[in-house]
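# Breakdown of the fold
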Amino acid sequence: MTTVDTNNLEPQELPRPDAPGVSHTKQGPPKPKKGSQFVFLRNSKAITGMIILGFFVIIAIIGPWIAPYDPDAFSDQLVAPPSWEHWLGTTHLGQDVLSQLLVGTRYVMIVGFTAGVLATILAVIVGVTAGYLGGWSDEGLSLLSNIFLVIPALPLLIIIASSLDGGMIVIAGVISLTAWAWGARVLRAQTMSHRKRDYVEASRANGESTWRIVLAEILPNLTAIIASSFVATVTFAILTQVTLAFIGVTSPTDWNWGTILYWAQGNQALARGAWWWFVPAGLCIAAVGVALALINFGIDEFVNPRLRSTGRYARVLRKRGVQARVGFTPIDRGTTHGGVAATPQPGSPPGGNSFAPEPSGEIPASTNVKG
Amino acid sequence: MTTTAPALTNATLQAADPILEIKNLSVDYGFGDDPTHVLQDVSLTLNRGEVLGLAGESGCGKSTLAYGATRLLPPPGVIRGGEVIFTGRDGVKTDILTLNDKDLRTARWRDFAIVFQGAMNSLNPVHRVGTQLIDAIKAHGKTATKQEARDRAAYVLEMVGINADRLKAYPHQLSGGMRQRVMIAMALVLEPELLIMDEPTTALDVVMQRQILEEITDLRDRLGFSVIFITHDVSLLVEVADRIAIMYAGEIVEAADAKDAYLRPRHPYTRGLLNSFPPLRGPRRELQGIPGSPPDMAKLPSGCRFADRCPFVMDRCRTEDPALSRTALKMSEPERLVACHLHDGKASEVPAELAIQAPQK
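As the structure is a prediction and not an experimental result, all values here were calculated from the model.

To continue, consider the pattern of salt bridges. One pass over the structure, following the stated rule, counts 24 salt bridges over all chains. Where Asp 138 of chain A meets Arg 188 of chain A, a salt bridge forms, and the shortest distance between an N and an O atom there is 2.6 Å. With Asp 138 of chain A in helix α3 (residues 135–150) and Arg 188 of chain A in helix α5 (residues 168–195), this pair connects stretches of sequence that are 50 residues apart. When sorted by exposure, Asp 138 of chain A lands in the same class as Arg 188 of chain A, which is buried. A salt bridge links Glu 239 of chain B to Arg 210 of chain B; the nearest nitrogen and oxygen atoms lie 3.7 Å apart. Here Arg 210 of chain B lies in helix α7 (residues 206–223) and Glu 239 of chain B lies in helix α8 (residues 234–240), a separation of 29 residues in the sequence.

Here you go:
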C-alpha cells in the first residue's frame with residue numbers, strides 16, 4: 001500500500017501559507033510570543049491547514065441544515081448552470097449540486113476520520129508491540145503488516161465493500177483495515193530505536209512494568225509520528241472513500257463527494273460542458289488534502305524545534321537577502337534590525353570590549369598584539 | 001616608557017607579524033527581530049607561532065568567537081560586523097569575512113584548520129583512516145600522485161605518534177585518543193598556518209591529554225604554526241599556551257601572558273576561575289569557586305557583566321561597562337589588558353589579591 005502524496009493534490013488556486021491574502025494574518029516578521037502554551041498554533045502552515053479543515057468540519061456538522069434543497073429532490077431545471085436559484089447549478093435530474101455537496105461533506109468527514117482513528121489505533125497496537133517485544137511476536141506482527149502492505153488495497157476494498165454493502169462506518173472499518181500497515185511499520189522502527197536508549201534501559205532496571213514503559217516512557221516520544229501518521233491516513237481514507245463512491249462500489253444514494261462525481265461521470269457531465277457538476281467536488285477534495293498536508297508540515301515543525309525556528313526565520317532571511325548555510329555563516333552588517341554597531345550600550349566607552357589600543361599616547365600601539 | 005623598553009621591543013617585534021587579527025567581531029544568534037547579541041565588538045590578535053588560550057565558563061562565547069572568525073557558526077548564528085584579517089606566510093592579508101565561497105573553502109584546511117569538539121566522532125566509520133586523510137590531500141590538490149598523498153598521510157600520522165600501518169585501520173579499530181590524534185593529523189596534513197582547537201582533549205583521560213598537548217607543543221615548535229586553544233580548563237592552558245585570553249559572558253575580560261595570568265590575576269573573574277581548581281604546584285589553598293551563575297545573554301545587565309558575582313563590586317560597576325585597557329600597575333606590565341574598573345584608578349586602590357607584583361628579576 002502506498003500513502004497518498006498530498007503534495008500532488010495542491011492546485012494553484014488554493015490558498016497557501018505564503019500566498020498573498022493569507023499571509024496578512026501575520027504582519028511583519030513573525031515573533032514568538034513568550035509563554036504561549038499553543039506553540040503549534042503559532043505556525044502559519046498549521047493555522048492555514050486548521051482553518052481550511054475547520055471550515056469543512058463545520059460544513060459536515062451543519063451542512064444538512066443549511067442545504068437550500070433536498071439533495072434528492074428533482075426539479076424541472078435540468079443540467080442548469082449556476083444561477084441565483086441554484087448556486088452551483090443542477091444535475092441531469094434537476095437536483096441541486098450545492099445541496100449535494102453540503103450534505104455529502106458529513107459522509108466524507110465521518111468516513112475519513114473514523115478510518116483514520118481506527119487505522120492509527122491498529123498501527124499503534126501492532127507497531128509498538130512488535131517494536132518493543134521483539135523476538136517471535138515481532139516476527140509474527142511484522143509478517144502481518146508486511147502482508148497488508150503488499151496486498152493491493154483498492155481491489156481488496158472493492159471486494160469487501162461490495163460484499164458487505166454497509167453504511168459509512170462499515171466502509172470506514174474496511175478502509176482502516178487496509179490503511180494501518182504503513183503506520184505500524186514506521187512506529188515499529190521508531191519503537192525499536194527508543195527501546196535501546198538509556199532512559200528505557202533505566203526504567204527497565206528500575207523495575208517499571210512493561211505497560212508503564214510502553215505507555216508512559218515510549219509512547220509520548222512517538223506522539224509526533226502517530227499524529228502525522230493519523231493525518232496521512234485520514235487523507236488516504238478520504239481519497240479511497242471518494243474513489244469507492246466514484247466507481248460505484250458504495251451505495252450511490254448516500255450523498256458524498258464521490259457519489260456526485262459518480263453521477264456526473266455516468267451522465268457525461270464533461271461532454272455536456274456541465275463543469276459545475278464535478279469541479280466543486282474535486283476542489284473540495286483537493287482543499288481537504290491541502291489542509292491535511294499543511295497540518296502535517298505544521299506537526300513536523302512543531303515537533304522538531306530546530307525546524308520550528310528555521311521556519312520562523314525563513315521569511316525574515318528572505319526579506320533581508322541573507323542565506324543561512326552550514327559552514328558559511330551569513331554576514332549581515334545591516335543596522336536596521338537593532339544591529340550592535342548602531343546601538344552601543346549606554347555608558348560604555350568608545351571601543352567597547354576590544355584589544356584595540358586606547359587613543360591616548362600612554363599605550364604604545366604594539367600592546368594590542370602582546371596584550 | 002624607558003623602564004619597560006626591553007618588553008616593548010619584544011612586543012614590537014612580534015607585533016610586526018600577526019597571523020590573525022579579529023577586529024570588533026560581533027555575532028548574533030537568531031535572525032528575527034530579537035536576536036541575542038552573543039559577541040559585541042570583540043577583538044583579538046594572534047601572533048605567528050604563538051599558542052593563544054581562550055578560557056572561560058561554558059557558554060561564555062569561546063567557541064562562538066573561534067567559529068565566528070572562521071564563518072563556521074551554524075544557523076541561527078549570524079555575523080553582524082567586524083573583520084578577521086588573516087596574514088599568510090607570503091604576507092598577503094585577506095579578510096576571511098569577505099572571501100567568496102570558493103576562496104573560503106580553499107583557505108580552510110590549507111591556511112587554517114580546525115579540530116572540533118569531540119572531533120573523533122567526525123571520522124566516517126565505513127572508510128579507512130588513510131582513505132580519509134588522502135581524500136583531504138587530494139581535495140586541496142596539494143600533491144600530484146596517489147603515492148605522494150599516501151606518503152604524506154603516513155608522515156602526518158607518524159607525526160602525531162601513530163604507526164603508519166594504522167592507515168589501513170577503520171575508525172572503530174582505534175581508541176578514542178588515537179582517533180582524536182588522527183583528527184589532529186588530518187588538520188595538519190596540509191600544513192596550515194593556523195590551527196584552532198576547540199576543547200580537543202575534553203573527552204580524553206588525563207594521560208592522553210598530556211600526550212596530545214605535548215605533541216601539539218612539539219609540532220608547533222617544529223612546524224611553526226599558530227594555535228588558538230579553546231578550553232575551560234585553565235590549568236591545562238597554563239601548561240600549553242603562551243598567552244591567555246579569559247572570556248566572560250561574550251567579552252574578553254583579561255588578556256595576559258599565560259604565567260602572569262595564572263600567578264598574578266588582575267580581573268576578579270580570572271581570580272575566581274583560578275580559585276576554582278586546585279593549583280598544580282605550590283602550597284595548598286582553599287577552593288572557592290565563583291558564587292552565582294553567568295548572566296543570561298539575552299538579558300545582559302547594564303554595566304559590568306560580572307558585577308553580580310564580583311566580590312569587589314562598586315557602584316560604578318552597575319552602570320558603566322569597563323573597557324579592556326591597561327592594568328593599574330601600568331608601567332610594570334605593559335602587555336597586560338584587563339576590563340575592570342578597579343584598574344582605572346591608582347594602583348594603591350586595587351585589592352591586594354589582584355595586584356600581586358611580579359618578582360623582580
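All names here are of chain B. Read from one edge of the open sheet, four strands run β2-β1-β4-β5, paired in antiparallel fashion. Each edge of the sheet is formed by a strand with only one pairing partner; in this case those strands are β2 (36–47) and β5 (93–95). Mean inter-strand twist for the sheet, computed between neighbouring axes without regard to direction, equals 5°. As paired elements, strand β1 (residues 18–29) and β2 share eight bridges and run antiparallel to each other. Among the inter-strand pairings, Leu 25 is bridged to a residue of β2, identified as Val 42.

Turning to the packing of aromatic side chains, a few remarks are in order. Taken as a whole and judged by the stated rule, the model has eleven aromatic pairs over all chains. Ring centres 5.3 Å apart and planes at 75° place the aromatic pair Phe 55 of chain A and Phe 56 of chain A in the edge-to-face group. What makes Phe 56 of chain A buried here is its relative accessible area of 6%. Here the aromatic rings of Phe 86 of chain B and Phe 112 of chain B are separated by 6.0 Å at their centres, their planes lie at 55°, and the arrangement is tilted. Here Phe 86 of chain B is found in strand β4 (residues 77–87), whereas its partner Phe 112 of chain B is found in strand β6 (residues 112–115), with 26 residues between them in sequence. On the accessibility criterion, Phe 86 of chain B (3% relative accessible area) is buried. A residue is classified by how much of its surface remains accessible, and Phe 112 of chain B, at 3% relative accessible area, is buried. Between the NZ or CZ atom of Arg 108 of chain B and the centre of the ring of Phe 328 of chain A, over which it lies, the distance is 4.9 Å.

The next point concerns the packing of helix α6 (residues 198–205) of chain A against helix α7 (residues 210–246) of chain A. For any two helices packed against each other, one specifies the crossing angle of their axes together with the interaxial distance. All names here are of chain A. Between α6 and α7, whose axes approach to 11 Å, the crossing angle comes to 170°. When the interaxial angle is binned, α6 and α7 end up roughly antiparallel. The residues of α7 that touch α6, namely those facing Tyr 199, Val 200, Ser 203 and Arg 204, are Ile 213, Glu 217, Ile 218 and Asn 221.

Let's shift gears to the environment of Val 78 of chain B. Relative to the elements of secondary structure, Val 78 of chain B occurs in strand β4. A C-alpha to C-alpha distance of 7.3 Å links Val 78 of chain B and Phe 31 of chain B, two positions 47 residues apart in sequence.

Below, the discussion takes up the pairing of strand β9 (residues 243–248) of chain B. Residues and elements named next belong to chain B. With six of its six residues buried, β9 lies for the most part within the structure. Note that strand β3 (residues 51–55) and β9 share four bridges and pair parallel. When the bridges of β9 are listed, Leu 52 appears paired with Arg 243. Inspection of the sheet shows β9 paired to strand β10 (residues 251–257) by six bridges, in the antiparallel sense.

Analysis parameters
- What you see as residue numbers is a count from 1 along each chain, following the sequence as written.
- Here the convention is simple: chains get letters from A, ligands get numbers from 1, in the order in which they are written.
- The model is predicted, so local features are restricted to residues of pLDDT at least 70 and side-chain atom pairs to those at 80 or more, both for listing and for counting; the totals for chains, interfaces and linings are taken over all residues.
- To get the side-chain values, take all heavy atoms of the structure and skip hydrogens and water.
- Throughout this description, the term salt bridge denotes a Lys or Arg side-chain nitrogen within 4 Å of a carboxyl oxygen of Asp or Glu.
- Strands are runs of DSSP state E lasting at least two residues, helices are runs of H or I lasting at least four, and both sets are numbered from the N terminus onward.
- For each residue, the accessible area found with a 1.4 Å probe, counting protein chains only, is set against the maximum for its type, and the residue is called buried under 20%, exposed over 50%, and partly exposed in between.
- Should DSSP find at least two bridges between two strands, the strands are taken to pair.
- Note on definitions: angles span 0 to 180 degrees between N-to-C directions of axes, and those axes are lines fitted to C-alpha atoms, for helices only across the stretch in contact.
- Side-chain rings of Phe, Tyr and Trp, where Trp is taken by its six-membered ring, are said to pair if the distance between their centres is within 6.5 Å; with planes under 30 degrees apart they count as stacked, over 60 as edge-to-face, and otherwise as tilted.
- Note on geometry: a ring has a charge over it if NZ (lysine) or CZ (arginine) is within 6 Å of the ring centre and within 35 degrees of the ring normal.
- Under this scheme an angle from 65 to 115 degrees is roughly perpendicular, one under 35 degrees roughly parallel, and one over 145 degrees roughly antiparallel; angles in between are oblique.
- Any pair of residues with heavy atoms lying within 4.5 Å of one another is described as a contacting pair.

This is a description of form; function is not addressed.
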